[in-house]
Amino acid sequence: MEIIKEIDEYLKNNMSQKRYIHSVGVMNKAKELANKHNIDEEKAMVVGLAHDIAKELNAKEINNYIQKYNIEVDEIEQKNLGLLHGKIGAKICRDKYNFTKDMQNAIEYHTLGHVNMDKLAKIVYIADKIEDNRKGKDLKYLNELAQKDLDKTMLYLLDTTIVINIKRHKLIHPQSILTRNNLLSK
Ligand SMILES: [Fe+2]
Ligand SMILES: [Fe+2]
């Protein structure tokens, strides 16, 4: 649990209080879901806690990390640099905390989803959206669904996000569509 303390300390000192509280909420929710779905609880907690480690970077810092890590940026990401906080966070956690590949993937995939998500990645994606500090009318339903079926919960969350983006006339990243199609074909 030493690593949890280390990440906790870093986030507490480098993030807004709001984001820190959210991160702890995701850690706790990821633990609960990991237990329910039989994956390593501590791993899920560590990734849940760290998932937004790059979320509060400014544009200059994001651009520095893109250079440093040679990150591929597509057209949509270029217009919404914030979308890169998953990819950048994964690299930061690799270098800073020796995250394994599956842990890096879970961080990377929590922003847009991905067709190759394992249970850990799904749990982090879901925990991010349903942790106890979130507000919204579907949360009780989603919490129950997430106990039973990670794929159905993912599908529900992707549908919701896509619909919101359509209503707001925002871009939809194709990776979210691919993730949704992949879940539907199961
Ligand atoms: Fe995030
Ligand atoms: Fe988050």
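Since we're looking at a predicted model, the values are computed, not measured.

Rules and cut-offs
- Residues numbered from 1 in each chain as written.
- Chains lettered and ligands numbered in written order.
- Predicted model: local features only at pLDDT ≥ 70, side-chain atom pairs only at ≥ 80, totals over all residues.
- Heavy atoms only, no water.
- Donors = N, O, S within 2.8 Å, 3.2 Å for Na, K, Ca; no water.
- Tetrahedral: all angles 85-135°; square planar, octahedral: opposite > 155°, others 65-115°.
- Helix = DSSP H or I, 4+ residues; strand = E, 2+ residues; numbered from the N terminus.
- Buried < 20%, exposed > 50% of the residue type's maximum accessible area, 1.4 Å probe, protein only.
- Contact = heavy atoms within 4.5 Å.

Chemist: Talk me through the coordination of the iron ion (ligand 2); I want residue IDs and the actual numbers.
Modeler: At 2.2 Å from the iron ion (ligand 2) lie its protein donor atoms, namely His22 (NE2), His51 (NE2), Asp52 (OD) and Asp128 (OD). Geometry at the iron ion (ligand 2) is irregular, judged from its 4 donor atoms and the angles of 80 to 174 degrees they form at the metal. As a motif over one chain, the donors of the iron ion (ligand 2) read H-x28-H-D-x75-D. If you look at the iron ion (ligand 2) and the iron ion (ligand 1), they sit 3.5 Å from each other and are both ligated by Asp52. Here His22, found in helix 2 (residues 17–36), pairs with Asp52, found in the loop between helix 3 (41–50) and helix 4 (59–69); they are 30 residues apart in sequence, far enough to count as distant. Like His22, the residue Asp52 is buried in the burial classification.

Chemist: Which residues make up the coordination of the iron ion (ligand 1), and what are the values?
Modeler: Taken together, Asp52 (OD), His85 (NE2) and His110 (NE2) make up the protein donors of the iron ion (ligand 1), found 2.1 Å from the metal. Of note, the iron ion (ligand 1) draws all its donor residues from one chain, in the sequence arrangement D-x32-H-x24-H.

Chemist: Please give an account of the side chain of Asp8 that cites residues and values.
Modeler: With respect to the element layout, Asp8 can be found in helix 1 (residues 2–14). Here Asp8 falls in the buried class, since its relative accessible area comes to 16%. Not counting chain neighbours up to four residues away, the residues in contact with Asp8 comprise Tyr20, Val24 and Leu49.

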